[in-house]
Structure formats: C-alpha cells, structure tokens
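Listed here are the chains, written in short residue letters.
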Amino acid sequence: MLEAGPDEHTLIERVQHGDAEAFEILVQTYEPRLLAFLAKTTGSPDMAEEVAQETLVKLFFKAHTFRFRCSLFTWICEIALHTFFDLRKQRRRWLKKHQVADLGEPCRAPDHSPGPAEKAERFEVDEIVRSAIAQLSPDHQMVILLREIQGASYDEIATVMNCSVGTIESRLFRARQKLRTILTPLLESHEL
Amino acid sequence: MNCKTCQPLLSRSLDGLLVEAEQSDLENHLEACPACRKEWETQKKIQHLLHSLRDPMTARSVLPAVRLRLGDEEARRLWYDDLERLARRFVPVAAVLFLALSAFALFSTWNRLSRAPEIEWLVAQNGLEAVEPYSDLSEIVPEEPDGVPDSSIPIH
C-alpha cells in the first residue's frame, strides 16, 4: 500500500533512527502538499502554518511508530488533523474565556478568480462548507477530510484510524448524511 | 432495491466502489425514485463543494521554525530522559524500602498483640494491678484554692 519508493523507505527508516538530515529531505518533499491540505482544511494560512509546524515536530518524534501500512502522507495528514482539532479546541476555549467573537482570519492571498464579487461569494461558500465540516464529530471530520481532501483510500483511512474498513464506510455514510442536512440551505439559497 | 438499501450504496457509489451489478441496480432505482435521485444529486453537489475548497494561502515554508522547535524539543526530551532514568533507578529502591517498613510495622503489631495475654497472665500471677492512665490532670497537678494551677510547679 505504501506509495513510497525504496529511497523514501530508506529515508523514513533513517528518520526513525533520529537522522535530522533525512528528516529535512522528507519535510522538503511533503511540506508543500501538507500546507496545501491544511490550508484547504483550516481555511486560514496562519492556522495552516501553525498546525504544519506542530505536525512536523510530532512527525520527527513519532516516526518510529510508523509501520509502513499506509502511505506516509496519509499518516502525516492524520497527525495534522488531530493537531488541528486540538488547536481549534484550545482556541475556542480561549475565545470563550475572554468572551471574544471568533471572526476567523482574513485570507493572506486569496485565490485568483475572475471578479471580486465572485471571489467573495466563493470565499463565503468555502467558509460555510468548512464550518459545516467543523460541526461533525472528530471521527466524522477525520474520515471526510482524509477521503475528500486528501483522497485517501478506505484501507488507508482504516489503518490510520485503527478500525475496520466497514466502520470507515459507515462513518463516511453518516458524515455525508449530516453534511447534507447542514448544507441543504446553502445549496438551495446559492442554487449550486 | 428499495430506498433504505439504496442510501448506503449512494455513499459507496460517490467513491466509485460499487461493482458493475450494484451500480446498475442503483441506477435503475434512481431512475424510478425521485426522492433518492434528489438525494444522489445533493450528495454529488456536496462532494463537488468539498473537492473545490480552495487553498487560500501563498506557500511559506515552516522548515526554519521546525528546526528551532526540534532543537528545543530535543533539549526538553533529554531532560525528561534524565529524569526518567533517575526515577527508574530509584523506584525499585523506594519500593523495597516501603515493603521493608510495612513488614516491620506488621511484625511489631503482631508481636504486641501476641504478647498481650502473656502480660495479663504475669499481672494476675504477681497480684499486680494494671496501671490506669490519668484521666484528670488535677490528680497530679495540685490546685490553688481558687482553682488556678500552682505556678511554682514548672510545667514542661
């Protein structure tokens, strides 16, 4: 199941033995994909960078637990999602404690789309979709994000989440049902 | 196929996991059932929305920050490792000491209890009376007529 070639396999093994040089090569390989995945998931460049940083540090210290049963990137995404959920929870707790409304973060470099109005609308739709995902349970968020954003197979998701393929199928089904319930008003109002 | 059995298949069909026969059954049902067809279209739209989520950022490497963090984490972990090694060395010693003290306490309690009848027998044989503890301090501390203790007697 591992997509990695023999070189990458060797690299991972070197990282597992604490080789910092091999780790840097791995980071350079996966960092752009990880940042893109996290930016899509979080919708915030700063949050994506914070989560990516935390994830890569965890990757270095947890590398010895990687068993080559799924692709390394899917495993990295799983660590990143757990990190993101934790950071988001901490942030919400802080905002609640200090009674500050979560206004989100502006896009540092919004996408190049035809016009400002369309750009704004697409941004709004993206935010609604992200907030709908955030309303799901962590397990459901995990399966939806790994499947739809990362494009991981059921087998890989089952491996990183330590459960059977049947469980993943059922979680995906339920997560999609919930998303449908949450997003139906959006689909109707925006005529998407 | 009915609507109930169709629902889980919709999710698997979105991921392209149905075998030909299942896909054809599903399509036949969707042709005949407007409710399931609407559900299928909605699910397809949601999948499209998820796939078209945009990456709102310009790439900015986090590698320099990760290098710094790894240095800090490494130092912290080394400190924890030292602490753990120290604990690993002293925990067995502490456990042995604890067991020894517990055994000693048990033994002395057992010894005292087992010797109590022997002492009673000795007291009875020698016609001795068991010494009662003083219940009232006035028995040993003489009092002044007005009830104030004699200050000439030093109390330690």
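About the cut-offs
- Residues numbered from 1 in each chain as written.
- Chains lettered and ligands numbered in written order.
- Predicted model: local features only at pLDDT ≥ 70, side-chain atom pairs only at ≥ 80, totals over all residues.
- Heavy atoms only, no water.
- Contact = heavy atoms within 4.5 Å.
- Buried area = accessible area lost by both parts, 1.4 Å probe.
- Salt bridge = Lys/Arg side-chain N within 4 Å of Asp/Glu carboxyl O.
- Polar contact = N/O pair within 3.5 Å; in protein donor to acceptor, adjacent residues only side chain to side chain.
- Helix = DSSP H or I, 4+ residues; strand = E, 2+ residues; numbered from the N terminus.
- Core = buried A, V, L, I, M, F, W, Y, C linked by side-chain atoms within 4.5 Å.
- Buried < 20%, exposed > 50% of the residue type's maximum accessible area, 1.4 Å probe, protein only.
- Domains from an automatic or database assignment.
- Phe/Tyr/Trp six-rings, centres within 6.5 Å; stacked < 30°, edge-to-face > 60°.

A.B. asks: Outline the interface of chain B and chain A, listing residues and values.
C.D. replies: At the interface, 35 residues of chain B touch 50 residues of chain A. Interface of chain B and chain A: buried area, both sides summed, is about 4,100 Å²; carbon and sulfur atoms make up 61% of it. Summed over the three residues of chain B that lose the most area to chain A, namely Leu53, Arg54 and Pro56 of chain B, the buried surface amounts to 20% of that side. The interface formed by chain B and chain A includes 7 salt bridges. Notably, a salt bridge pairs Glu24 of chain A with Arg67 of chain B, separated by 2.5 Å at the nearest N-O pair. Where chain B touches chain A, the interface holds 16 residue pairs in polar contact (both at pLDDT 80 or more). Breaking the side of chain B that touches chain A down by element, the ones donating at least two residues are helix H1 (3-14), helix H3 (34-51) and helix H4 (63-125) of chain B.

A.B. asks: Can you lay out the nonpolar core for me, pointing to particular residues and giving the numbers?
C.D. replies: Counting residues in hydrophobic clusters, the biggest one holds 68 residues, and the most contacted among them are Phe23 and Leu179 of chain A. No other element matches the 11 residues that helix H4 (residues 72-97) of chain A contributes to this core. The two domains that each donate at least three residues to this core are domain 1 (1-107) and domain 2 (110-192) of chain A. Residues contacting Leu179 of chain A, with those up to four places away along its chain left out, are Ala132, Ile133, Leu136 and Ile144 of chain A together with Ile46 and Leu50 of chain B.

A.B. asks: So what's going on with the packing of aromatic side chains? Which residues, and what values?
C.D. replies: Counted by the stated rule, this structure contains 8 aromatic pairs over all chains. When the ring of Phe60 of chain A is compared with that of Phe61 of chain A, the centres are 5.2 Å apart and the planes differ by 85°; the resulting orientation is edge-to-face. Phe61 of chain A matches Phe60 of chain A in its accessibility class, with the two residues each being buried. Taking the centre distance of 5.9 Å and the plane angle of 35° together, the rings of Phe107 of chain B and Trp110 of chain B count as tilted. With Phe107 of chain B and Trp110 of chain B both in helix H4 and 3 residues apart, the pair spans about one turn of that helix. Among the residues examined, Trp110 of chain B registers a relative accessible area of 55% and is labelled exposed. An aromatic cluster is defined as three or more aromatic residues linked by ring pairs; in this entry it consists of Phe23, Phe60 and Phe61 of chain A.

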